[in-house]
Every structure is written in C-alpha cells, then in structure tokens.
Amino acid sequence: MVLRHARTARRSALVALGALVLAGLAYAAAADASPAEGPAPGAAQTLGADRPSPHLLSALQRDLKLNEEQASERLVNEAEAGTRAGRLRNSLGERYAGAWLRGTTAEDLTVATTDAQDVAAIEAEGATAQVVERPLAALRAAKEKLDAAAGRVSTADTPVWYVDVVKNQVVVQAVDQAAGAAFVEAAAVAGEDVGIRLAPERPRLLQDITGGDAYYINDSARCSVGFSVAQGSQGGFVTAGHCGRAGATTTGYDRTAQGTFQASEFPGRDMAWVAARSQWTPTPDVKAADGQEVQVSGSAQALVGASVCRSGSTTGWHCGVIEQHDASVRYPEGTVNGLTRTTVCAEPGDSGGPYVAGAQAQGVTSGGSGNCTSGGTTFFQPVNPVLSQYGLTLVTASAQAAPGEQETGAQAWTAGRVYEAGATVTRDGVTYQCLQAHQAQGAWAPAGTPALWQRV
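Residues numbered from 1 in each chain as written. Predicted model: local features only at pLDDT ≥ 70, side-chain atom pairs only at ≥ 80, totals over all residues. Heavy atoms only, no water.

**Points about unusual backbone geometry**
Convention followed: By the criteria applied, helices consist of DSSP H or I runs no shorter than four residues and strands consist of E runs no shorter than two, each listed in order from the N terminus.
Cis geometry marks the peptide bond from Phe 266 to Pro 267; its omega dihedral reads -5 degrees. Relative to the elements of secondary structure, Pro 267 occurs in the loop between strand S13 (257-265) and strand S14 (271-276). Positive phi values are uncommon outside glycine, yet Lys 65 reaches one of about 55 degrees. As for its position among the elements, Lys 65 is in the loop between helix H2 (54-64) and helix H3 (68-92). Positioned with a positive phi, Asp 219 is a non-glycine residue whose angle comes to about 55 degrees. Position of Asp 219 among the secondary structure elements: in the loop between strand S8 (214-217) and strand S9 (221-224).

See the structure below:
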C-alpha cells in the first residue's frame, strides 16, 4: 500500500495530491465576461497548467521522453483541449463519441461523432474529427451490461474491461480467447462490437509497503495518503478503500496517533476517507521527487491521452498517460468499477497514493500489473466520485473565499459540489453548462472560468 509522508507534524498525512490540467492554446475571453472585468482567464491559467511544479516537469521529461519546453507545452495543450472537448461534447449531444489527445506535446485533439455533418464544427474548434459508428452513450451502456454480468459469473480470467473511445468499442482483457468470449456471451453484448484483448497480466492490489507519506492501519498494514480533504471543520484525507475498513485506526508516518477511517468501499469501488486528529493539518501538497512537493489547485478530470503523475513510497514519482476512463477490474478480492487505466508504472506499496495531472487531482492508486523496471499498467480510483460520495471538499492551493451570496435552488451553482460534464447550473440569473468534470472551488464561479463552464 502507498502512503504519503508528512515530513513534520504540521505537514502530515493529510496531504493533497494530484493534479490534472487539460489545456492547449490559450482561450480568448469568455463570451460572458464583461469588458470592465477584462478577459476571462484561459484554461491553462484556471487549472494551473501555466505554472507547473518543476518536479512534475522533471518527471514528465524522464518518463515521457520530453525536454523541458515540450513538457510545459504539453500541460498547457492538455488544459485547453479539455475545454474545447467539453464545448464540443455539449454541442454534439447524443452524437458525441469521445475525445482523446495525441502527439508529443498533446497538440492533436480528436473528437469523435456519429454524424459526418459535425466534422466542420469539430474542425472549427481546432480539433480533428473522427466519424464513428457508436456514440459514447452506447459504449457505456454495453459496458454496464458487462458490469452486471460480472456479478453473476466469474471474471478471474477476464480481469479488466473498459470503454476505449479511440477504438470506439468496449474492450475485455482476457487471459485467453475462450474466457473473453464466455464473458461477452454472458453479458449478451456479442453483437455490440466488444473487442477481446489477450494479456497474461492479472492486476493485484499494490499494498503493504510505504509510499508517498506513509500511514499505518491498526498498527499493522501500511498505505499512502491520497489528498487532503475536509468535511465541514473536520480535516482528513482520501485513500484507497482496500487499505482499511470503517472504524480502523491510523497512525502517521511518525507512528503517532493520526485518525480513523470514517467510510470505506471495496470491492465495487476502491475509495475511503480518514478523519484526522487536530494536530494533523490538511495541506494542498503532494510529495514529489527529492523531498519536494507539488500543490493541487482543483480536480478537473483529464482527457484520455493526457499525462498524469503518481506519488508512491515504493517507486517514488512516476508519470505516464491516461489510456481509458471507466474501467472495471477484477482483482482476486472482487471487482472494482469506474477506475481509470494508465501507463504509469507502480509496484506493491504504491497503493492509495495520489495521481495528479498538472495541478489537478485525479485519483488514488488502486492496483495494476507489471513494475517500474519493465513497465506496467496501473489503475486509479478517480477522486471526484470519492468527494461526492462522502461529502468531502478537496483542500487546494486555490483561493477558497466565499463566492458571494449563495443562491438557492436545485440548479444553483454551489461551491464544493462535484459537477459532471454536461451538467447545467444557474448563477446570477445566467445558465451555464459544465465542460469538464470537477469539484467547484470557491474561486471558480462559472462567469470567471470559461475553461470549466459554457454560457448557454
């Protein structure tokens, strides 16, 4: 299991990690920004992609074989691409079939649609258009059938399945063709173009060795702190659900009393949160290389193809790219749904630690296969569902000042709420549609964040 070390009592196991920045070319002023206020910030500015940690840049250069200029450019491109993809997702509606990034600096954004008449609109946003057969909604529906079948049949030999937007199909990873075909048949999705990928790897949980900032469960097993969070005035941190059950006690990296697991889910999902004692102070920091830290400024979800970095006690700070969202993984202990599949390497002991893209928190390490010598595949539990499930607020470096008088109503924009792409809100009498999944920060009101919200 992975643990994030608080190097002092004040920088404790309540450390926030992660960041993902989706960005590209600087966005011009938002349509709803008033001239008196000046141009609204672009996506790179909003998400912190224009001011990355030098430690994150160093790891990107090492793991993605980039120079410093390319690493910086990639983060900005990823941030801006996320906003452009969000706008296209909203305008395409049911025809939208996914988006992904390619290129050394993530300079090529591709957006898929089921209607060739959308090509011009996609290209007008600076993206490459790809016309495909199945919309994203249909792919997700097919995967849900696989999820349901996994509750009825054994998936020991089909340990991973996911939506692959690049291939426009659902993929089942199996140890042999017969196992994959049997799972597809049991889910009744044979006619929905579900691909079978043969691979010998069987993901396992990465646990029992310290990683990031370590913490200990019931004075026995070790895991890593993911991100610092708060529930009202109570501070704490999120981590992997397989690290401990509700009621389990934790001690910090220095073996002093730290906190108690308030809630935990595993299998099904791999999420948990720990309420910490008052001497442990939540911070927006995540442990990087050489004892340094990076700071989290939000939780905007990165696109497929975006870079992502992980902190872990066994293997340290490593980076890779996001391959798929919404993957289901069958561990020996049970199936976990809704994970994100990455090319970041990890080893036993890295579990529970944070993933960040740029300055945006992405999730906490769940499990995987391979290692950091020969390479591997690692899955993380996305952080936004954890925040939403347990009513937690991510601790960030962004200003958390109250955004003025709070509006009421089911659709009123609310700081601290997790919004999915496509959700609509009202703010100051104006309606906005969400471009990228994220938890709303106090400093991120819709009118001033065209990277995240589109006026409709």
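**Quick word on helix H6 (residues 177-186)**
Given 3.6 residues per helical turn, the α-helix brings residues three or four places apart onto the same face. For the record, the criterion: Buried, partly exposed and exposed residues are distinguished by accessible area as a fraction of the type maximum, computed with a 1.4 Å probe on protein chains only: under 20%, between the cut-offs, and over 50%, respectively. Of all possible arcs, the one meant is that of the directions from the helix axis to the C-beta atoms. Whether two residues are in contact is decided by their heavy atoms, any of which lying within 4.5 Å being enough. Polar contacts, as counted here, are pairs of nitrogen or oxygen atoms within 3.5 Å of one another; within protein the pair requires one atom able to donate a hydrogen and one able to accept it, and residues that are adjacent in sequence qualify only if both atoms are side-chain atoms.
Taken together, the buried positions of H6 are Ala 179, Gly 180, Phe 183 and Val 184. Each buried residue of H6 lies within a common arc of 130 degrees when the element is viewed along its axis, so the set occupies one face. Turned more than 90 degrees off the buried face of H6, the exposed positions are Ala 178 and Glu 185. Tucked inside the fold, the buried residues of H6 contact helix H5 (136-150), strand S4 (160-164), strand S5 (169-174) and strand S6 (194-198). For H6, the N-terminal capping position is held by Asp 176, with its side-chain oxygen 3.3 Å away from the main-chain nitrogen of Ala 178. Ala 188 occupies a position one or two residues after H6 and carries a positive phi of about 60 degrees.

**Digging into the state of the cysteines**
Our working definition: Note on terminology: pairs of cysteine sulfur atoms within 2.5 Å are recorded as disulfides.
Per the stated rule, a full pass over the model turns up three disulfides. The side chain of Cys 345 participates in a disulfide bridge whose partner is Cys 372; the two sulfur atoms lie 2.0 Å from each other. On the S-S bond that ties Cys 345 to Cys 372, the torsion sits near 95 degrees, and the link is right-handed. With Cys 345 in the loop between strand S19 (334-342) and strand S20 (354-357) and Cys 372 in the loop between strand S21 (360-371) and strand S22 (375-382), this pair connects stretches of sequence that are 27 residues apart. The disulfide pattern of the protein is 1-2, 3-4, 5-6 when the bonded cysteines are numbered in sequence order.

**Quick look at the nonpolar core**
Note the threshold: To qualify as a nonpolar core, a set must consist of buried Ala, Val, Leu, Ile, Met, Phe, Trp, Tyr and Cys residues joined through side-chain atoms within 4.5 Å.
Counting 51 residues, the largest nonpolar core has Leu 56, Leu 60, Phe 227, Val 238, Trp 273, Trp 317 and Trp 453 as the members making the most contacts within it. Among the elements that make up this core, the one with the highest residue count is H2 (five residues). Grouped together as the second largest cluster of nonpolar side chains are 42 residues, Ala 97, Val 111, Ala 142 and Ala 187 included.

**Some points on the sheet that holds strand S10 (residues 227-231)**
Across a sheet, strands are paired by hydrogen bonds formed along the backbone, either parallel or antiparallel in direction. Convention followed: Should DSSP find at least two bridges between two strands, the strands are taken to pair.
Read from one edge of the open sheet, eight strands run S9-S8-S12-S13-S14-S11-S10-S23, paired in antiparallel fashion. Of all the strands in the sheet, just S9 and strand S23 (393-394) have a single pairing partner and so form its edges. Bridge analysis of S10 against S23 gives two bridges, and the strand direction is antiparallel. Along S23, the bridge assignment pairs Ala 230 with Thr 393.

**What to know about the pairing of S8**
Side chains Ala 214 and Tyr 216 of S8 all project onto a buried face; the interleaved residues Tyr 215 and Ile 217 project onto the opposite face, where all are buried too. Inspection of the sheet shows S8 paired to S9 by four bridges, in the antiparallel sense. Of the residues in S9, the one forming a bridge with Tyr 216 is Arg 222. Between S8 and the antiparallel strand that follows it, S9, lie three residues; Asn 218 among them carries a positive phi value of about 50 degrees. Pairing between S8 and strand S12 (residues 249-251): two bridges, direction antiparallel. Looking at S12, one finds that Ile 217 is bridged to Thr 250.

**A look at a negative patch on the surface**
Cut-off, in case you're wondering: Grouping into patches uses exposed residues only, defined as over 30% relative accessible area, and leaves out salt-bridged ones; the cut-off is 9 Å for like charges and 5 Å for nonpolar side chains (Val, Leu, Ile, Met, Phe, Trp, Tyr). Methods summary: accessible areas were calculated by the Shrake-Rupley approach with a probe of 1.4 Å, and residue burial reflects only the protein chains presented. Any Lys or Arg side-chain nitrogen located within 4 Å of an Asp or Glu carboxyl oxygen qualifies as a salt bridge. Counting rule for charge: Lys and Arg are taken as positive, Asp and Glu as negative, and neither His nor the chain ends is counted. Taken as the charge location is NZ of Lys, CZ of Arg, CG of Asp or CD of Glu.
Taken together, the side chains of Glu 68, Glu 69, Glu 73 and Glu 107 present a region of like negative charge at the surface. Structurally, the position occupied by Glu 73 is in helix H3. For Glu 73, a relative accessible area of 39% translates into the label partly exposed.

**Topic: H2**
When H2 is considered as a whole, its buried residues turn out to be His 55, Leu 56, Leu 57, Ala 59, Leu 60 and Leu 64. In the core, the buried residues of H2 are packed alongside H3, strand S16 (293-295), strand S17 (307-312), strand S18 (316-331) and S20. Between the side-chain oxygen at the start of H2 and the backbone nitrogen of His 55 there is a gap of 3.0 Å, and the oxygen is on Ser 53. Directly beyond the C-terminal end of H2, a positive phi value near 55 degrees is found at Lys 65.

Bear in mind that shape data such as this cannot, by itself, settle questions of function.
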